[in-house]
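# Structural description and commentary
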Amino acid sequence: VTITTRLLVSHLSGIRHYEKDIAKVKEEKEKANRACKLAKPTEDKEQKEKEGKGIEKTDSLKPGREREGEVKSQNLKPGRRDKEFEQEEYYLKEKFESVIESLKIFKNDPLFFKPGSQFLYSTYGFTLLSAVVERASGQKFTDYMLKIFRDLDMLSTVLDDNEAMIYNRARCYVYNKKGRLVNAPYVDNSYKWAGGGFLSSVGDLLKFGNALLYSYQAGQFKSTNGKLLPGYLKPDTVAMMWTPVPKTEVSWDRDGKYAMAWAVVEKKQQCGCCRQQRHYASHTGGAVGASSVLLILPEELDSDVIGTGLVAPPRGVIVSIICNMQSVSLNSTALKIAREFDKEKWAQ
């Protein structure tokens, strides 16, 4: 088989995630699909009821999977861990000197499917991707990434290195079996720098989101008399990163598809005076004792406004949430916040 970097970045490679048993993975997927189908009739019924009462459509129901995940997390008794965090490899304590060395964890495991044929979220796919970056750049992956963070002025974003003294590093928490809040267990994330090995701050993630949104929109602003600096990435590159990839799915928003390292919901409205779907890109993060989300809601730019040269990118809303608790669903909260700020802007 052939595995390309595009397949890796869209989780279509067939490389396993933390679960090694393909039968269990298939079973979980089937359960999720059944739950999604069961949620659909209820969602449609409640939507009709809301429309009948004249409730604003833009604040309609949460997407099925996302709502189901939130209900599940609300009903989750303290001490009962999310199934994914029962996987032993989340709690590795071995220190790896390079990303090439960490490939040994999964390099001899069989692929779960032919690359390109199915979607399976895989942290190890990103570990392999980081090894590609390391070989292509001729630098250690961590050095390469820290340079990028420096370019983006993300000075609080560092490796989650247990030995280093890191100013303002927060403690992470989990519930134990008795439902009591305790410190998260010791882990070493050197086996997955690319898939969950960096520490950051809300401010740094906002800078990252602004840099991407600026790059995405920079090509649309023509009347700036040459004063507009180029984005960190080319507009076409970000557009490609935010283009949904066929055969992918997103666990935290049923309306979305996976693109290139981002989940993307496209602008869509099937009927007049009905539910509107705004274009946005987001990604959640889950680690031992921590949860996060970064969501980018680009402004729907008016060509007349752009042409005046009175406004400049980035235009939109960026929301970042970091929580030092495990298994917290954050995407819908971030989307609500983004919509409120967006609504307030247009009200002015």
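Residues numbered from 1 in each chain as written. Predicted model: local features only at pLDDT ≥ 70, side-chain atom pairs only at ≥ 80, totals over all residues. Heavy atoms only, no water.

Let's shift gears to the overall build of the protein chain. Helices and strands together make up the secondary structure of the protein chain, namely eleven helices and nine strands. Expressed as a percentage of its 348 residues, the buried residues of the protein chain come to 39%. A sequence separation of at least 24 residues applies to 67% of the contacts in the protein chain between residues at least 6 apart. Looking at the protein chain as shown, the accessible area adds up to about 19,800 Å², and 53% of this sits on carbon and sulfur atoms. (Helix = DSSP H or I, 4+ residues; strand = E, 2+ residues; numbered from the N terminus. Buried < 20%, exposed > 50% of the residue type's maximum accessible area, 1.4 Å probe, protein only. Contact = heavy atoms within 4.5 Å. Areas by Shrake-Rupley, 256 points an atom, 1.4 Å probe, with all protein chains shown as cover.)

Next up on the list: the sheet that holds strand β8 (residues 290–298). Spatial ordering of the open sheet is given by β5-β6-β7-β8-β9, a layout of five strands whose pairing is antiparallel. Single-partner strands in this sheet number two, and they are β5 (257–258) and β9 (316–323). Sheet topology places β8 next to β9; eight bridges connect them, and they run antiparallel. Opposite Val293, over in β9, you have Ile321 as the bridge partner. Sitting on the sheet, helix α8 (residues 202–217) is in contact with β8 and β9, with an inclination near 150 degrees to β9. (Pairing = 2+ DSSP bridges. Axes fitted to C-alpha atoms, helices over the stretch in contact; angles between N-to-C directions.)

Summary statistics for the protein chain give a mean pLDDT of 85 and a share of 83% for residues scoring 70 or more. When pLDDT is averaged over each helix and strand of the protein chain, the minimum, 38, is found for helix α3 (residues 64–75) and the maximum, 98, for helix α1 (residues 5–9). Note on residues 50–81: pLDDT is under 50 here. Beyond four places in sequence and across chains, it has 59 contacts. (pLDDT = per-residue confidence, 0-100.)

Counting 43 residues, the largest nonpolar core has Tyr124, Leu212, Trp242, Trp262, Val288 and Ile296 as its most contacted members. Those elements giving two or more residues to this core turn out to be α1, α5 (123–137), α6 (141–151), α8, α9 (235–241) and β8. Taken together, domain 1 (1–33 + 82–161 + 187–199) and domain 2 (200–347) each give at least three residues to this core, which thus spans both. Excluding residues that lie within four positions of it along the chain, Trp262 makes contacts with Phe208, Leu212, Met241, Trp242, Lys257, Ala281, Ser282, His283, Leu294 and Ile296. Counting residues in hydrophobic clusters, the runner-up holds twelve residues, among them Val265, Val293, Leu297 and Val319. (Core = buried A, V, L, I, M, F, W, Y, C linked by side-chain atoms within 4.5 Å. Domains from an automatic or database assignment.)

Relative to the elements of secondary structure, Phe198 occurs in strand β4 (residues 198–199). For the pair Phe198 and Thr157, spaced 41 residues apart in the sequence, the C-alpha separation amounts to 6.7 Å. In contact with Phe198, other than residues within four places in its own chain, are Phe141, Met145, Phe149, Thr157, Val158, Leu159, Asp160 and Trp193.

This part takes up the packing of aromatic side chains. Here the structure, examined in full by the defined rule, presents eleven aromatic pairs. A connected cluster of aromatic rings, assembled from ring pairs, spans Tyr18, Phe85, Tyr90, Tyr91, Phe106, Tyr124 and Tyr191. (Phe/Tyr/Trp six-rings, centres within 6.5 Å; stacked < 30°, edge-to-face > 60°.)

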